[in-house]
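# Secondary and tertiary structure notes
Spelled out from the first residue to the last, the chains are:
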Amino acid sequence: MILKIEFENFFSIRDRIRIDFRAANINTALARELKHNVLEWNGIPILKSVGLFGPNASGKSNIFKAINFCCRMILDSHLYNEGTVFNFEPFKFDGWSDKSSKFLIDFVCDSVEYEYSFELTKERILSERLYHFPVGRRAKIFVRSSDGKYSFGAGAITKPSDVVLNTSNKNLFLSRASSMNREFAQRLYRYFMNQFMLGLVNVNEMMVLDSFNTYKKVILKALEICDTDITDIEARKEQVPAPVVIPGQSELSFKLVDVLKFKTVHRNQAKVMFDMDMEESNGTRKLFQILIRLLDVVKYRKSIMLDEFDTGLHTRLADFILDLIHASAESQLLFSSHNTNLIDVKRLRRDQIVFVNKSMDGATEVYSLYDFKDFRENMDAEKGYIQGRFDAVPYVDSSVESIKQLLEG
């Protein structure tokens, strides 16, 4: 599970911000009613979901981009060679483009807490650190300093010098150690590969078939709960032409590839099948795509990041998705949304409602409803948000008169 994520100098994020899944000390009647929104690990309350709310261009998507970039570095950087330029942008104002960027994640893997961090520029990795808490006390696994020197905890890594020799300033040591079959690194690599989910999947890829077969009954029940009239779904393998680029050949060639197609059956129309891609509503397709991924997350106690997860969905369907996470044992969801109905302390705790705003100097700021000490749980959080009480809402002069002046100008 995720305990916290911190990063600075990524895209519109200048100063260090923190996404904290460690629950605040809230002992109110409403918080107790929302006990399913929290899980416990080693006596520590951990949030199952955190929602990001704020206007367009405030930096919500940049938070997801930063997390995605950093996780891809862990998974892929052992493949990078000389000439590689890392695919992110630092904050561009006030000289920050010349400064380094930093990432830290505190997480639990196989019942052990780990704290992993690294610092880099677009051209090179500067430093890297990994600690664990095997008996509740912080202990070093390795530290890679900005001067290129390494230090290691006793017995943590087999033959670390061999990994160091094969790690350039384009590679994370953790990524390289995993590629060289170091058991501790492979364990953490599998966490980021299999437990830390970065968005949805393409439901037309053949890899989805196993998940669909596993969760078909649950998906149909969920669609029923969500008030669709779909009673059955059938998966079919079809072959479609895909373009192939052949070096030195100007004309495109095509080859047949396997794709997955879904056909739906509706209530009282058992003999008529509909094409999921072409004939179902955007909301139904989006819900199906989310369920394929989310049910796997819930079953195997994974974490998932979903930017604007409820776009195209009815409010009640967004509620259902959150309920699915909160009904799980240990799965977690970080999401962003423009749905103000979710800013409700009867549905989400104050520490689960996080506002994202852009300051006057263009930098993204993050703070939670819990940070507003004068807010009382008998107040209307959604109304306060819309009125601009928490700042993270756009001021738009959309009066008819102002628009007429715009058109006339």
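Everything that follows concerns the structure shown earlier in this document.
Let us look at the structure shown here. (Residues numbered from 1 in each chain as written. Predicted model: local features only at pLDDT ≥ 70, side-chain atom pairs only at ≥ 80, totals over all residues. Heavy atoms only, no water.)

### A few points about the packing of aromatic side chains
According to the stated counting rule, one finds 30 aromatic pairs in the structure shown. Ring geometry for Phe-355 against Phe-372: centres 6.4 Å apart, planes inclined by 80°, an arrangement best described as edge-to-face. In this pair, Phe-355 sits in strand β17 (residues 353-358) while Phe-372 sits in the loop between β18 (364-368) and α10 (381-386), placing the two residues 17 residues apart along the sequence. Phe-372 shares its class with Phe-355; the two are buried. Judged by centre distance (6.0 Å) and plane angle (70°), the rings of Phe-375 and Phe-390 are edge-to-face. Placement of Phe-375 in the loop between β18 and α10 and of Phe-390 in the loop between α10 and α11 (400-408) is noted, with a sequence separation of 15 residues between them. The residues Phe-375 and Phe-390 share a single accessibility class, namely buried. By the ring-pair criterion, three or more aromatic residues cluster together here, those being Phe-355, Tyr-367, Phe-372, Phe-375, Tyr-385 and Phe-390. The side chain of Lys-99 reaches across the aromatic face of Trp-96, ending 4.2 Å from its centre. (Phe/Tyr/Trp six-rings, centres within 6.5 Å; stacked < 30°, edge-to-face > 60°. Helix = DSSP H or I, 4+ residues; strand = E, 2+ residues; numbered from the N terminus. Buried < 20%, exposed > 50% of the residue type's maximum accessible area, 1.4 Å probe, protein only. Lys NZ or Arg CZ within 6 Å of the ring centre and 35° of its normal.)

### Here's the deal with the pairing of strand β14 (residues 269-275)
Bridge count for strand β13 (residues 253-266) against β14 is four bridges, and the pairing is antiparallel. Across the sheet, residue Thr-264 finds its bridge partner in β14, namely Phe-274. Hairpin connection between β13 and β14: a loop of two residues separates the two successive antiparallel strands, and Asn-268 in this loop has a positive phi of roughly 70°. (Pairing = 2+ DSSP bridges.)

### What about the layout of surface pockets?
The volume enclosed by the largest pocket comes to roughly 300 Å³. In this structure, the largest pocket is lined by 14 residues; those nearest its centre are Met-1, Val-108, Cys-109, Asp-110 and Gln-195. Elements with a contribution of two residues or more to the lining of the largest pocket: β6 (101-109) and α5 (183-195). When residues in the lining of the largest pocket are grouped by element, the largest group, four residues, is from α5. (1 Å grid on protein atoms, 1.4 Å probe; cavity = no way out; pocket = protein on both sides within 12 Å on 5 of 7 lines; lining within 4 Å. Points joined across faces, edges and corners; volume = space filled by probe spheres on them.)

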